[in-house]
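Residue strings, one per chain:
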Amino acid sequence: MSRYYNMCNKNIGRPVCIRTKDGHEHRGVIRRVSTSHVFLEPMPSNLGGYGYGFWGVGPGFGWGVAFGAIATLAFLPFFFW
């Protein structure tokens with residue numbers, strides 16, 4: 001768990017793809033890291049110019065993923081999203 005904590009803490013603001021042990025996949029930008037969770041902000045969606053983004057959403061919006069539930073963590077290139 002401390003490995004994921006250190007990786008996430010050093011990369012706040014970077015887009016990631018997290019797959020949990022139960023098979024769920026979470027994509028977002030790391031916004032905050034606590035001792036037990038990494039908090040992601042959803043990445044904007046812009047499919048063909050039509051989509052719903054999360055621009056202008058206030059602080060604290062997003063979800064937390066527990067470090068103990070993480071199976072894999074991959075950093076995404078900025079052009080991917």
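Residues numbered from 1 in each chain as written. Predicted model: local features only at pLDDT ≥ 70, side-chain atom pairs only at ≥ 80, totals over all residues. Heavy atoms only, no water.

Visitor: What should I look at first to understand the pattern of salt bridges in this one?
Guide: Close approach of charged atoms allows side chains with opposite charge to pair. Throughout the structure, instances matching the rule amount to three salt bridges. Between E25 and R27 there is a salt bridge; the shortest N-O distance is 3.1 Å. The partly exposed category is assigned to E25, whose relative accessible area is 37%. On the basis of relative accessible area, R27 is assigned to the partly exposed category, the value being 32%. In this structure, R31 and E41 form a salt bridge, with 2.6 Å as the shortest nitrogen-oxygen distance. Of this pair, R31 sits in strand β2 (residues 25–33) while E41 sits in strand β3 (residues 37–42), and the two are 10 residues apart along the sequence. For E41, a relative accessible area of 24% puts it in the partly exposed group. When salt bridges that share partners are traced, they join R19, E25 and R27 into one network. (Salt bridge = Lys/Arg side-chain N within 4 Å of Asp/Glu carboxyl O. Buried < 20%, exposed > 50% of the residue type's maximum accessible area, 1.4 Å probe, protein only. Helix = DSSP H or I, 4+ residues; strand = E, 2+ residues; numbered from the N terminus.)

Visitor: What is the right way to read the sheet that holds strand β4 (residues 63–66) from this model?
Guide: Each strand in a sheet pairs with another by means of backbone hydrogen bonds, the pair being arranged parallel or else antiparallel. One open sheet holds the five strands; their spatial order is β4-β3-β2-β1-β5, and the pairing between them is antiparallel. In the strand order of this sheet, the two ends are held by β4 and β5 (70–75), each with one partner. With strand direction ignored, the average angle separating the axes of adjacent strands in the sheet is 45°. Bridge analysis of strand β1 (residues 15–20) against β2 gives five bridges, and the strand direction is antiparallel. The residue of β2 that forms the bridge with I18 is H26. Across the sheet, helix α1 (residues 2–10) is in contact with β2, β3 and β5; its angle to β5 comes to roughly 25°. (Pairing = 2+ DSSP bridges. Axes fitted to C-alpha atoms, helices over the stretch in contact; angles between N-to-C directions. Contact = heavy atoms within 4.5 Å.)

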